Amino acid sequence: LAKTTQPISMDSYEGQEVNITCSHNNIATNDYITWYQQFPSQGPRFIIQGYKTKVTNEVASLFIPADRKSSTLSLPRVSLSDTAVYYCLVGLGWTDKLIFGTGTRLQVFP
Amino acid sequence: EPEVTQTPSHQVTQMGQEVILRCVPISNHLYFYWYRQILGQKVEFLVSFYNNEISEKSEIFDDQFSVERPDGSNFTLKIRSTKLEDSAMYFCASSPGQGSYEQYFGPGTRLTVT
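The model shown is predicted, which means the values in this text are computed figures rather than measured ones.

Criteria and thresholds
Residues numbered from 1 in each chain as written. Chains lettered and ligands numbered in written order. Predicted model: local features only at pLDDT ≥ 70, side-chain atom pairs only at ≥ 80, totals over all residues. Heavy atoms only, no water. Pairing = 2+ DSSP bridges. Helix = DSSP H or I, 4+ residues; strand = E, 2+ residues; numbered from the N terminus. Axes fitted to C-alpha atoms, helices over the stretch in contact; angles between N-to-C directions. Contact = heavy atoms within 4.5 Å. Buried area = accessible area lost by both parts, 1.4 Å probe. Salt bridge = Lys/Arg side-chain N within 4 Å of Asp/Glu carboxyl O. Nonpolar A, V, L, I, M, F, W, Y, C, P; charged D, E, K, R; others polar.

A. The sheet that holds strand β7 (residues 65-68) of chain B, seen in detail. Residue and element names in this part refer to chain B. Spatially, four strands are ordered β1-β3-β8-β7 in an open sheet, and the strand pairing comes out antiparallel. At either end of the open sheet lies a strand with only one pairing partner, and these are β1 (5-7) and β7. The mean angle between the axes of side-by-side strands here comes to 20 degrees, regardless of whether they run parallel or antiparallel. Relative to strand β3 (residues 19-24), β1 runs antiparallel, the two sharing three bridges. When the bridges of β3 are listed, Gln6 appears paired with Cys23.

B. Local environment of unusual backbone geometry. With omega at -10 degrees, the peptide bond leading from Thr7 of chain B into Pro8 of chain B counts as cis. Structurally, Pro8 of chain B is set in the loop between β1 and β2 (10-13). Here the phi dihedral of Ser41 of chain A falls at roughly 60 degrees; this positive angle occurs in a residue that is not glycine. Among the structural elements, Ser41 of chain A can be located in the loop between β3 (32-38) and β4 (45-50). For Thr53 of chain A, which is not glycine, the phi torsion reads 55 degrees and is therefore positive. You can see Thr53 of chain A is positioned in strand β5 (residues 53-56).

C. Quick peek at the interface of chain B and chain A. Contacts between chain B and chain A engage 21 residues on the former and 20 residues on the latter. In terms of surface lost to chain A, no three residues of chain B exceed Val43, Tyr101 and Phe105 of chain B, which account for 39% of the buried area on that side. At the surface where chain B touches chain A, the tally comes to one salt bridge. Linking Lys97 of chain A and Glu56 of chain B is a salt bridge whose minimum nitrogen-to-oxygen distance equals 3.5 Å. When the residues that make up the side of chain B that touches chain A are grouped by side-chain class, the tally is ten nonpolar, seven polar and four charged.

As structure tokens, this is what we get:
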């Protein structure tokens, strides 16, 4: 499984756009890139998944360059409720297990 | 919106006792999972379950652990002879299909072993 590297923590203010970058130099051809969010004392929650270029949903955008060695989760206009840990996951399509790293702890200030 | 539910929300047990953690996955999902998260640490995969059998398990999931789908709605994790280091949040998850990275997690059961 590809190893991922992301910042341990980030700070932001309400209303700002937040970009969290994840490095995955050893990503395989079959691998998708998936992001999860976890609030304290809650289970992780799926945010977005992509393979290449750009994916957007109602919550976030995911940017993946052509070489796919990194990806950026973009959260537009964050609010206090976006304070959470964000996990970047990269894995094989034929396994069901999610391998979580340490994630990025995002703190949003008023 | 359908959701995964787990009971109890908090379980306190004495070392050496057996506990059963219960989960009700989303009704039309076919794949079920258990994860655990020791306080302040990463979420760790324990086991995946499909078609009434284990499809994958981690090295954490040894003979102390077992899973069962006793009826059409519940999915349980049994931990025998609990140890202090089993204290953690245990999350159940379900997904509609194989190889899906969109897994739906429950709120967790906090297990405290004293």
